[in-house]
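These are the residues of each chain, in order.
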Amino acid sequence: MSVLVLVLAVSAACCLGFGFVLQQNAAQHAPRADFLSPRLLLDLMKVPSWLGGIALMVAGMALGAAALGQGQLSLVEPLLATNLLFALGLSRRRTGRPLGRQGWAGLALLAGGVTMFIVAGQPRAGTAVADPQRLWTIVGAMVGLALLLTLRAKRSRVSSGPIMLAVAAGLLYGVQDALTRITGDRFAASGLAGLLTSWQPYAVLLIGVTGLILVQSAFETGSLCKSLPALTAAQPLAGIICGVGFLGDRLRMDAGALAWQATGLAAVVTGIVLLGMHPAMPRATVVRATVPAPALQGATAR
């Protein structure tokens, strides 16, 4: 594994983790009438802390794109999942709570699982699949599942809604990462003219905005310990499927390697859940059903 890819991916995870904490802190005060609406983003733009979180998220996405340009999606995605470690670090600094057994266990499982998957799978680049049917089948399945989860979440906002919205956003972000990799390759091969005449960059933008609305709606209706683990677990799984499915990433496929890879991914998901449910992670606060948009900034400042 390239040291440059490692530095870029971990730096991206750091920015994403810090950014998610700032975004959730602002989004939980947003008007509930903005649930799953673009108006939610317009209201949140009035909150300085949310803008700071978005700036960090954009920086993380740019660093992630740079990592994808240097390494395989199946390698970068597990490293991006460590954003939860940085989110917990910032939350712990705010609350002053120690890591304890749960925190250390989650940290060990997440870090160990990522290492186990990379060492066992040995992700390496291959030839991207030329068959567009496979690309559209995988992307269609991810987008379709995200749509079903979103529709289901509208019926159960408070209970399991935030989790389903976060999973849906994670699936979309995994697809976005794959299309970002294709966009970078297209730019390198054909320049700006070839990039502007292809559909991938526009799909990246559309998926990014849609995923952002889903994430902020999840942050608005639930605590970070509900939404962030689901988001963090879904994105690398979707990205790995896309990477192997149509980007040409290759993993070791013998029985022993597959068993260790599955164990590593299971450890990653378990570690994500333990860290996400840590007492240091922000809990939801009780907010009135409707909060006037002008009062949004003042509520967050308090």
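What counts, and where the lines are drawn
- Residues numbered from 1 in each chain as written.
- Predicted model: local features only at pLDDT ≥ 70, side-chain atom pairs only at ≥ 80, totals over all residues.
- Heavy atoms only, no water.
- Helix = DSSP H or I, 4+ residues; strand = E, 2+ residues; numbered from the N terminus.
- Rg over C-alpha atoms; globule rule 2.2 N^0.38 Å.
- Buried < 20%, exposed > 50% of the residue type's maximum accessible area, 1.4 Å probe, protein only.
- 1 Å grid on protein atoms, 1.4 Å probe; cavity = no way out; pocket = protein on both sides within 12 Å on 5 of 7 lines; lining within 4 Å.
- Points joined across faces, edges and corners; volume = space filled by probe spheres on them.
- Nonpolar A, V, L, I, M, F, W, Y, C, P; charged D, E, K, R; others polar.
- Expected span 1.5 Å × (residues − 1).
- Core = buried A, V, L, I, M, F, W, Y, C linked by side-chain atoms within 4.5 Å.
- Contact = heavy atoms within 4.5 Å.

## Describing the overall build of the protein
Per the secondary structure count, the protein includes 12 helices and 0 strands. Start at the N end of the protein and walk to the C end: the helices and strands fall as α-α-α-α-α-α-α-α-α-α-α-α. A compact globule built from 302 residues would reach a C-alpha radius of gyration of about 19 Å, and the protein, at 19 Å, matches this within 12%. Taken along its principal axes, the extent of the C-alpha atoms in the protein is 55 × 50 × 35 Å. Scored against the burial criterion, the 302 residues of the protein give a buried share of 52%.

## Focus: the layout of surface pockets
Where empty space is left becomes clear once a probe the size of a water molecule has been rolled over the atoms. By volume, the largest pocket is sized at about 560 Å³. Residue lining of the largest pocket: 25 residues in total, with Met57, Val58, Met61, Gln176 and Gly208 positioned closest to the centre. Sort the elements by how many residues they give to the lining of the largest pocket and helix 3 (residues 48-70) lands first, with 10 residues. Considered class by class, the residues forming the lining of the largest pocket number 18 nonpolar, 6 polar and 1 charged.

## Remarks on helix 6 (residues 100-121)
An α-helical segment advances 3.6 residues per turn. Residues three or four places apart therefore align on the same side. For helix 6, with 22 residues, the first-to-last C-alpha span of 31 Å sits near the 32 Å given by 1.5 Å per residue. Those residues of helix 6 not exposed but buried are Gly103, Gly106, Leu110, Gly113, Val114, Phe117, Ile118, Ala120 and Gly121. Two residues or fewer past helix 6, Gln122 is found with a positive phi of approximately 45 degrees.

## Some details on the nonpolar core
Membership of the largest hydrophobic core comes to 80 residues, with the highest contact counts inside it found for Leu228, Leu231, Phe246 and Met281. No other element matches the 12 residues that helix 8 (residues 161-196) contributes to this core. Non-local contacts of Leu231, meaning those with residues more than four positions away in its chain, are made with Phe20, Ala166, Ala169, Gly170, Tyr173 and Val215.

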